[in-house]
Amino acid sequence: MAPAVTRKAALQLVGLGAVGAFLAACSSDNGSGSTNAADKLQAIKDAGKIRIGMEGTFKPFGYHDESGKLVGFEKEIGDLIAQDLGVKAEYIETQWDSLIGGVDADRYDLVINNVSATDERKQKYDFSVPYAISEGRVGVLDNSSLKKIDDISGKTAAQSETSNFRTLVEEKGATIIPVTGFDEAIEQVLSGRADLTGNDFVTFQSYIQEHPEAKLRLLDGTLGEGSEAAILMPKGATDLKKAVDDSITKHLDNGDFKKIYEKYVNADLSPKA
């Protein structure tokens, strides 16, 4: 894995959140929505629930098991945060390309879906401290002539429009074929309609374990400097950000997240303290 970024450094990177109030795009009448982002935490407590956006089809982050139950390590992280806030977690499932926009529409209070705090996203949203880190990789057909990540210039890459991995493969010279999510990206690669797709190692590892027959392999090298996942929330929701940060820090420090990660991916994804 790429060198882990410390939580102290991450706090400096992500920032402590804007202190001014921010008017949400629209109010909600079905839960914990609040017109004033600065009042978001109190609105959540008043509603008795926190609405969490995730894809729900993204194994092992958040997905449905054979019984139909929503599971995954990000789902368990959301449950712990809700418990610390003294409310119930309500999960609202949305496709990746409209997932972040659901915060603007006040469909949910947080997004927990392997989201990286890019500079572009930080202009519109606040982020928690990172709760997980994983290296970026590139997947190709096993008979591809590509050997390493530096070989992808001029090749086609199946990527979600708003994915940070889209930016990373574009920087390497790849041409983008837009898709709605990882499953479609893999299908494009396996069918030969795209040369490659970039994502984090955990996602690829889970897919290969689930589909050992898939003719997929990973190129040598890492894509970017390591992908840090953080929780996305409305800009200016300062009290909510502090409460979420406190919850994440507590469960990283006491080893709860480590146990969750090892349960799902047999590895500790915790950022180093």
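Everything below is about the structure printed above this text.
Residues numbered from 1 in each chain as written. Predicted model: local features only at pLDDT ≥ 70, side-chain atom pairs only at ≥ 80, totals over all residues. Heavy atoms only, no water.

Can you explain helix α9 (residues 201–210)? Please cite residues and give values.
For α9, the complete set of buried residues consists of V202, T203, F204, S206 and Y207. Next to the buried residues of α9 lie α3 (73–85), β7 (132–141), α8 (182–190), β10 (197–200), β11 (216–218) and α11 (256–265). Its side-chain oxygen 2.9 Å from the backbone nitrogen of V202, D200 forms the N-cap of α9. (Buried < 20%, exposed > 50% of the residue type's maximum accessible area, 1.4 Å probe, protein only. Helix = DSSP H or I, 4+ residues; strand = E, 2+ residues; numbered from the N terminus. Contact = heavy atoms within 4.5 Å. Polar contact = N/O pair within 3.5 Å; in protein donor to acceptor, adjacent residues only side chain to side chain.)

Talk me through the pairing of strand β12 (residues 223–234); I want residue IDs and the actual numbers.
With nine of its twelve residues buried, β12 lies for the most part within the structure. Sheet topology places strand β5 (residues 110–115) next to β12; two bridges connect them, and they run antiparallel. Each residue of the ladder has a partner; that of V111, found in β12, is L232. Strand direction decides the pairing type here: strand β6 (residues 125–127) and β12, joined by three bridges, are antiparallel. Its bridge partner being in β12, D126 is matched across the sheet by M233. Bridging between β7 and β12 involves four bridges; their strand directions are antiparallel. Each residue of the ladder has a partner; that of A132, found in β12, is A229. (Pairing = 2+ DSSP bridges.)

Talk me through the packing of α3 against α11; I want residue IDs and the actual numbers.
The interhelical angle for the contact between α3 and α11, taken along N-to-C directions, is 155°, at an axis separation of 9 Å. Between α3 and α11, the interaxial angle falls into the category roughly antiparallel. Judged by the sense of rotation from one axis to the other, the crossing of α3 with α11 is right-handed. On α11, the residues that touch F73, E76, I77 and L80 of α3 are D256, F257, I260, Y261, K263, Y264 and V265. Tallied by class, the residues present in the contact of α3 with α11 amount to eight nonpolar, no polar and three charged. (Axes fitted to C-alpha atoms, helices over the stretch in contact; angles between N-to-C directions. Parallel < 35°, antiparallel > 145°, perpendicular 65-115°, else oblique. Left-handed = near helix turned anticlockwise from the far one by under 90°. Nonpolar A, V, L, I, M, F, W, Y, C, P; charged D, E, K, R; others polar.)

Requested: an account of the environment of D239, with residues and values cited.
You can see D239 is positioned in helix α10 (residues 238–253). You can call D239 partly exposed: its relative accessible area is 46%. Taking C-alpha positions, D239 is 8.5 Å from Q42, a pair spaced 197 residues apart along the chain. Apart from the residues lying within four places of it in its own chain, the contact partners of D239 are A38 and L41.

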